[in-house]
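Secondary and tertiary structure notes
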Amino acid sequence: MKKGKKLIFEMSRPGRTALDLPANDVACGPLDKLLPSRFIRKTPAELPEMSQPDLMRHYTGLSTRNFGVDSGFYPLGSCTMKYNPKVNEDVCRYPGLSQLHPLQDSGSVQGALKLLYEMEQYLAEISGMDAVTMQPVAGAHGELTGLKLIRAYHRSRGDNRTKVIVPDSAHGTNPATCTICGLEMFGIKSSEDGSINLDALRAAVGPDTAALMLTNPSTLGLFETNIREIAAIVHEAGGLLYYDGANANAIMGIVNPGDMGFDVAHLNLHKTFSTPHGGGGPGSGPIGVKKRLIPFLPVPVIDFDGEKYTLDENRPSSIGKVHAFYGNFGVIVRAYAYIRAMGPDGLRRVSEDAVLNANYCLSQLKDIYHAPFDRFCMHEFVLTSLKQKPYGIRTLDIAKRLLDYGYHPPTIYFPLIVEEAMMIEPTETESKETLDEFISVLRRIAGEAETDAALLKTAPNDTVVGRLDEVAAARKPIVKWTN
Ligand SMILES: *Cc1c(COP(=O)(O)O)cnc(C)c1O
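Here goes a summary of the coordinates provided. (Residues numbered from 1 in each chain as written. Predicted model: local features only at pLDDT ≥ 70, side-chain atom pairs only at ≥ 80, totals over all residues. Heavy atoms only, no water.)

1. With respect to helix H5 (residues 110-127)
- Compared with an ideal rise of 1.5 Å per residue, which puts 18 residues at 26 Å, H5 spans 25 Å between its outermost C-alpha atoms and is within 8% of the ideal.
- Within H5, the full set of buried residues consists of Ala 112, Leu 113, Leu 115, Leu 116, Tyr 117, Glu 118, Met 119, Glu 120, Leu 123, Ala 124, Ile 126 and Ser 127.
- Buried residues in H5 make contact with helix H4 (95-98), strand S1 (131-133), helix H10 (257-260), strand S8 (301-304), strand S9 (309-312) and helix H11 (329-365).
- Just past H5, the residue Gly 128 takes up positive phi, approximately 70°. (Helix = DSSP H or I, 4+ residues; strand = E, 2+ residues; numbered from the N terminus. Expected span 1.5 Å × (residues − 1). Buried < 20%, exposed > 50% of the residue type's maximum accessible area, 1.4 Å probe, protein only. Contact = heavy atoms within 4.5 Å.)

In structure tokens:
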């Protein structure tokens, strides 16, 4: 660490406490009467001893060293780091929603079941699917659930197809999901313009094709205009289509994966539907399916007979459970609050503004940074540092320099098929002033690359932690505190 801050252990002073507990007024006996001796410490735990103000300052100080969408602009492509409205937080803390136990009898949690049921219906409408399960707790988890459904569907027809076609622009979770699911990943190369190469797809499909996994708009921020034809090619070969919905922020209320011909789609509530994410916190990756996949959905399924909501566990063709109980309820409540607050017109506006903001930024930057796909983009776009290469500058240097100006860098070196890529996703929640400032900083950095390259090579120069040796950090991480 550059700006010296002591470890909590270094600030510890014997005997200091942050809280005084009242004297014990119940009978208690020696510990070795309660626990086997092998579980009892021989020496006391080395815990820090601190006063309450010092403790408070320590953690409050640490919290300001982090970066979040509440502290600044966060244009991390593919991740949709939009601002999360605080009304979501209010709603999910209502006692009637926050103080439930998942083992409660369904008769006593009718309101919660109604909320889940309605959420399934909203997401079915948004995705153009016939039914939705809220169980998966991440996008990748939705992918895994979706491929399991697809496999169960093929098997139910006595068909053991295992090949899953994935374009080379795909997010890393797509091939990883195929492998985890025990299926075979078959990569196809994209065309020069970033779209699916129809000839490569035709050559790849066959009687062994289980599915095609695709996101549209693609990870290049481009809309796949041949999507109907792509769907027809895969369906004619007997395969199904899986939609990676991580880019749904570009299309809500305008077009949907169901109409594009997809059979399964996941949505990332923690991206598109404004629930907090980053740092591996709880997420939600519900999936929608077309009719023929409904029998295989995970249990329980929420049923409604017009009067009462119940949890149906008795579904003989179900793939089983993919998560305890019924997904990450608190996350679903936040996303529900968002959808209810926005309404159908509001969600459409979200996507229109997200696309507008991205195109605005692209138009203001493409003269100074190389834009490999110079056409209208969707909610995000790809630039590269190839114009800065003659000065010895790489994308990593630009990303690190952005930290000095108080911005979270965009996604870099992804998609893999673009050399020195930086993928920028401004989202709809940013004002024109924020976008203009960001554009001017990126233009300024391009200037620095020519005149002051050293500044970029050492960046970040103004953060708590300087430039790390990323290889050493990955290979020899120090995760243990030692004296
Ligand atoms: C984020 C993302 C995923 C995975 O979603 P997680 O919720 O992070 O598991 C999949 N595909 C794309 C294109 C993504 O951006």
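On we go from here.
2. As for the pairing of S9
- As defined by bridge partners, S8 adjoins S9 across four bridges and the pair is classed as antiparallel. When the sheet's bridge partners are listed, Val 301 is paired in S9 with Asp 312.
- Linking S8 back to S9 in an antiparallel pair, the connection comprises four residues, with Gly 306 at a positive phi of about 100°. (Pairing = 2+ DSSP bridges.)

3. A look at the pattern of salt bridges
- Under the definition given, this model contains 24 salt bridges.
- Across the pair Glu 229 and Arg 202 runs a salt bridge whose closest N-O atoms are separated by 2.9 Å. Of this pair, Glu 229 sits in helix H9 (residues 227-236) while Arg 202 sits in helix H8 (residues 198-204), and the two are 27 residues apart along the sequence.
- A relative accessible area of 38% places Glu 229 in the partly exposed class.
- Between Asp 404 and Arg 401 there is a salt bridge; the shortest N-O distance is 2.8 Å. Taken together, the positions of Asp 404 and Arg 401, both in helix H12 (residues 395-404) and three residues apart, correspond to about one turn of that helix. Arg 401 shares its class with Asp 404; the two are buried.
- The network of salt bridges with shared partners includes Glu 89, Arg 93 and Arg 334. (Salt bridge = Lys/Arg side-chain N within 4 Å of Asp/Glu carboxyl O.)

4. Section: the nonpolar core
- In this structure, Met 119, Leu 123, Met 134, Leu 269 and Phe 273 are the most contacted members of the largest nonpolar core, which totals 32 residues.
- Contributions of two or more residues to this core are made by helix H3 (87-92), H5 and H11.
- Apart from residues lying up to four places away in sequence, Leu 123 is in contact with Val 132, Met 134, Leu 267, Leu 269, Phe 273, Pro 286 and Ile 339. (Core = buried A, V, L, I, M, F, W, Y, C linked by side-chain atoms within 4.5 Å.)

5. Quick look at the site of the ligand
- Taken together, Ser 78, Ala 138, Gly 139, Ala 140, Glu 143, His 171, Thr 173, Asp 244, Ala 246, Asn 268, His 270 and Lys 271 are the residues near the ligand.
- One nitrogen or oxygen atom from the side chain of His 270 is found 2.6 Å from an oxygen atom belonging to the ligand.
- Relative to its unbound accessible area of 380 Å², the ligand is 87% covered by the protein chains.
- Examining the composition of the shell around the ligand, we find that three residues originate from one element, helix H6 (residues 139-156), more than from any other.
- Across the shell around the ligand, the residue classes break down as three nonpolar, six polar and three charged. (Near = heavy atom within 4 Å. Polar contact = N/O pair within 3.5 Å; in protein donor to acceptor, adjacent residues only side chain to side chain. Areas by Shrake-Rupley, 256 points an atom, 1.4 Å probe, with all protein chains shown as cover. Nonpolar A, V, L, I, M, F, W, Y, C, P; charged D, E, K, R; others polar.)

6. Comments concerning the sheet that holds strand S12 (residues 421-424)
- With antiparallel pairing, three strands are arranged side by side in an open sheet as S10-S12-S11. Across the chains shown, the open sheet's two edge strands, defined by having one partner strand only, are strand S10 (381-384) and strand S11 (411-412).
- Where S11 lies against S12, two bridges are found, and the strand directions are antiparallel. Across the sheet, the residue bridging to Thr 411 is Met 423, located in S12.

7. Points about the sheet that holds strand S6 (residues 264-266)
- The strand order S1-S7-S6-S5-S4-S2-S3 describes an open sheet built from seven strands, whose pairing is mixed. Only two strands of the sheet have a single partner each, and these edge strands are S1 and strand S3 (184-188). With strand direction ignored, the average angle separating the axes of adjacent strands in the sheet is 25°.
- Across three bridges, S6 lies against strand S7 (residues 287-289) in antiparallel orientation. Among the inter-strand pairings, Val 264 is bridged to a residue of S7, identified as Val 289.
- The strands touched by helix H7 (residues 173-180) within the sheet are strand S2 (163-167), S3, strand S4 (209-214) and strand S5 (240-244), with S2 carrying the most contacts at an inclination of about 170°.
- Against the sheet, H9 makes contact with S4 and S5, and its axis sits at roughly 135° relative to S5, the strand it touches most. (Axes fitted to C-alpha atoms, helices over the stretch in contact; angles between N-to-C directions.)

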